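Geometric and topological summary
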Amino acid sequence: MKILEAISTIAGKYFALWVICIAVIAFIVPDPFLLFGGYITILLGIVMFGMGLTLKAVDFKLILTNPVPVIIGVCAQYLIMPLTAFSIAYIMNLPAELAAGLVLLGSVPGGTASNVMVYLAKGNVPLSITMTSFSTLLAPIATPFILLLLAGKWMPVDPMAMFTSIIQVIILPIILGIVIRKFAPQIVEKSINVIPLISVVAIIIIVSAVVAGNVDSIASAGFIIFTAVMLHNAFGLMLGYLTALLLGLDESNRRAISIEVGMQNSGLGVALATAHFGPLAALPSVLGAVWHNISGPILATYWSKKTENIKHQLSEKIQESNVETQV
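Cut-offs used in this document
- Residues numbered from 1 in each chain as written.
- Predicted model: local features only at pLDDT ≥ 70, side-chain atom pairs only at ≥ 80, totals over all residues.
- Heavy atoms only, no water.
- Helix = DSSP H or I, 4+ residues; strand = E, 2+ residues; numbered from the N terminus.
- Areas by Shrake-Rupley, 256 points an atom, 1.4 Å probe, with all protein chains shown as cover.
- Polar contact = N/O pair within 3.5 Å; in protein donor to acceptor, adjacent residues only side chain to side chain.
- Contact = heavy atoms within 4.5 Å.
- Salt bridge = Lys/Arg side-chain N within 4 Å of Asp/Glu carboxyl O.
- Buried < 20%, exposed > 50% of the residue type's maximum accessible area, 1.4 Å probe, protein only.
- 1 Å grid on protein atoms, 1.4 Å probe; cavity = no way out; pocket = protein on both sides within 12 Å on 5 of 7 lines; lining within 4 Å.
- Points joined across faces, edges and corners; volume = space filled by probe spheres on them.
- Nonpolar A, V, L, I, M, F, W, Y, C, P; charged D, E, K, R; others polar.
- Phe/Tyr/Trp six-rings, centres within 6.5 Å; stacked < 30°, edge-to-face > 60°.
- Core = buried A, V, L, I, M, F, W, Y, C linked by side-chain atoms within 4.5 Å.
- pLDDT = per-residue confidence, 0-100.
- Axes fitted to C-alpha atoms, helices over the stretch in contact; angles between N-to-C directions.
- Parallel < 35°, antiparallel > 145°, perpendicular 65-115°, else oblique.
- Left-handed = near helix turned anticlockwise from the far one by under 90°.

Turning our eyes to something else, we now look at the overall build of the chain. On a plain count of helices and strands, the chain comes out with 15 helices and 0 strands. Carbon and sulfur atoms form 71% of the exposed surface of the chain, whose accessible area is close to 15,500 Å².

Put into C-alpha cells, the structure is as follows:
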C-alpha cells in the first residue's frame, strides 16, 4: 500500500507532465489508444466516484456558515466562463463543432485539480472545495441550460439528454462514493491516498482516447483551438480574481475564486462533447485538460512565492522595529 501511495503522490505531482506525454504519444501512435474511445463515460464516472469518496459534510459547511464567497464564486464560474467562451468562439470564427466544444468547456463545473492549486497558491482551500462540490451538484441544471442558450447557435442541444448524462456520469458516482464513505469509513481512509492515482490514470486514458480519435483535426486546427483555450483560461483566472476584488473579498478568497473559475472539469467536457456534439467538439476540453494543469501550477507558484516574500518583508520590518525600540 505504501508503494501505491508513493506512486499516487508522484502521479498527482506531475499530472500535467503525464497528460502532455500521453497526448503526444497518442498523436504520434494513435492506433493502440483508439480502443479506449468507448470507455470515456465509464472512466469519468470512476473519477467522480473517487471525488465522492473524498467528500465530507464539512465540505458543504461554508454554504451555511459563510455563503457570500461561495455564491460569488459559483455565479462567477457559471457566468464568466460560458460568456467568455462564447465571445472567443464568435470573434475567432471557430468551426461550429469547435465553437460548441469551447462553450461546453466553459459551461462545466470546476475540476478537482483546482483544490490542489488553491492549496499551493496559499488560497482559501475550504472555499475551493466547497465551490467545486457545489458547482458540480448544480451542473445537471446549469450546464444544459447554459449550452441551450449559447451553444445552440452552432449545434443542436438536447438539454434533457445532457441532464441525464450528467446525472449518470457525475451525480450518481459521487453519491455512491459518499454512501460508501459513510458506511465503510475505515476502508475508505486506508485507501484514500491511492484515489488520486486512479483518477490520474483514468483522465490520462480519456485524453489519449480523444487525441487518438482526432489526430487529423488536431493537425489542422490544433493551433487555433489551443490559442482559444489559453485565452479562455487566462480570462477566467483574471476575471475571477477581479470579480472577487471588486466585491471586497480578501486575498485568500480572491485566489481561490480565480483558480476555481479558471480551471474546469475537462473530463466532463470530453465525455459530454463526445456523447452529444461529436468527437471534434471534445478537442477544446482535451487541450484544456493539458493547459489548465500547466497554467494552474504556474499561477500557484507565483502566488506562493509572493506570499513568502511578503512574510519575509514583514519579518524584517518587525526585527527593525524591535532594534529601534531597544535603542
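From this point on, the discussion continues.
Another point: the side chain of N124. Summarising the element assignment, N124 is placed in the loop between helix 7 (113-120) and helix 8 (125-150). A distance of 3.1 Å separates the side chain of N124 from the backbone nitrogen of L127, its partner in a polar contact. Those residues in contact with N124 that sit more than four places away from it in its chain are V118, S252, N253 and A256.

What follows is about the pattern of salt bridges. Side-chain pairs of opposite charge can arise where the charged atoms are in close proximity. Across all of its chains, the model carries 2 salt bridges by this definition. In this structure, R254 engages E251 in a salt bridge whose closest nitrogen and oxygen atoms are separated by 3.1 Å. Here R254 pairs with E251, and both are found in helix 13 (residues 251-262), just 3 residues apart, close to one helical turn. For E251, a relative accessible area of 24% gives the class partly exposed. In this structure, the salt-bridge partner of R255 is E251, at a minimum N-O distance of 2.8 Å.

Moving on: the layout of surface pockets. Computed from the structure, the second largest pocket encloses a volume of approximately 190 Å³. In this structure, the second largest pocket is lined by I20, A23, V24, F27, I28, V211, I218, F226, V286, L287, V290 and I294. At the level of elements, helix 2 (15-28), helix 12 (215-246) and helix 15 (283-326) are the ones that each hand at least two residues to the lining of the second largest pocket. Counting residues per element, the lining of the second largest pocket draws most heavily on helix 2, at 5 residues. Considering only residue class, the lining of the second largest pocket consists of 12 nonpolar, no polar and no charged.

Once that is clear, we can look at the packing of aromatic side chains. Under the definition given, this model contains 4 aromatic pairs. Arranged with centres 5.7 Å apart and planes meeting at 25°, the rings of Y241 and W303 form a pair that is stacked. Of the two residues, Y241 is situated in helix 12 and W303 in helix 15; the sequence distance between them amounts to 62 residues. Per residue, the accessibility class of Y241 equals that of W303, and both read buried. Ring-pair connections join several aromatic residues into one group, and the members of that group are F86, Y90 and W154.

A separate point is the nonpolar core. Core analysis: the biggest nonpolar cluster contains 94 residues, and L44, L102, I170 and F277 have the highest contact counts within it. Apart from the residues lying within four places of it in its own chain, the contact partners of L44 are V169, I170, I206, N265, G267, L268 and A271.

This part takes up the confidence of the model for the chain. Overall, the prediction assigns the chain a mean pLDDT of 80, with 86% of residues at 70 or greater. When the elements of the chain are averaged for pLDDT, helix 1 (residues 2-13) gives the smallest value, 57, and helix 5 (residues 67-91) the largest, 91.

At a closest axis distance of 7 Å, the pairing of helix 12 and helix 13 adopts a crossing angle of 150°. Accordingly, the angle class assigned to the pair helix 12 and helix 13 is roughly antiparallel. The handedness of the crossing between helix 12 and helix 13 is right-handed. Contacts from N233, G236, L237, G240, Y241, A244 and L245 in helix 12 reach E251, R254, R255, I257, S258, I259, V261 and G262 in helix 13. A class-by-class count of the residues in the contact of helix 12 with helix 13 yields 7 nonpolar, 5 polar and 3 charged.

Our focus in this paragraph is unusual backbone geometry. Positive phi values are uncommon outside glycine, yet N93 reaches one of about 55°. If you trace the backbone, N93 turns up in the loop between helix 5 and helix 6 (96-107).

Between two packed helices, what matters for the description is the angle formed by their axes and the separation of those axes. For the pair helix 3 (residues 40-54) and helix 9 (residues 159-183), interaxial distance at closest approach is 7 Å and the crossing angle is 40°. Judged by the inter-axis angle, helix 3 sits oblique to helix 9. For the crossing formed where helix 3 meets helix 9, the hand is right-handed. Between helix 3 and helix 9, the residues in contact are T41, L44, G45, M48, F49, M51, G52, L53 and T54 and V169, I170, P173, I174, L176, G177, I178, I180 and R181, respectively. Residue composition of the contact of helix 3 with helix 9, by class: 12 nonpolar, 5 polar and 1 charged.

Let us look at helix 14 (residues 266-276). For helix 14, a buried count of 8 out of 11 residues is recorded, marking the element as mostly surrounded by other parts of the structure. Along helix 14, the residues that are buried comprise S266, G267, L268, G269, V270, A271, L272 and A273. You can read the cap of helix 14 off the contacts: a side-chain oxygen lies 3.1 Å from the backbone nitrogen of L268, and it is on N265. Two residues or fewer past helix 14, G278 is found with a positive phi of approximately 125°.

Tracing the chain through its elements places I224 in helix 12. Residues I224 and M92, 132 residues apart in the sequence, show an inter-C-alpha distance of 8.5 Å. Among all residues touching I224, those that are not within four sequence positions of it are M92 and L94.

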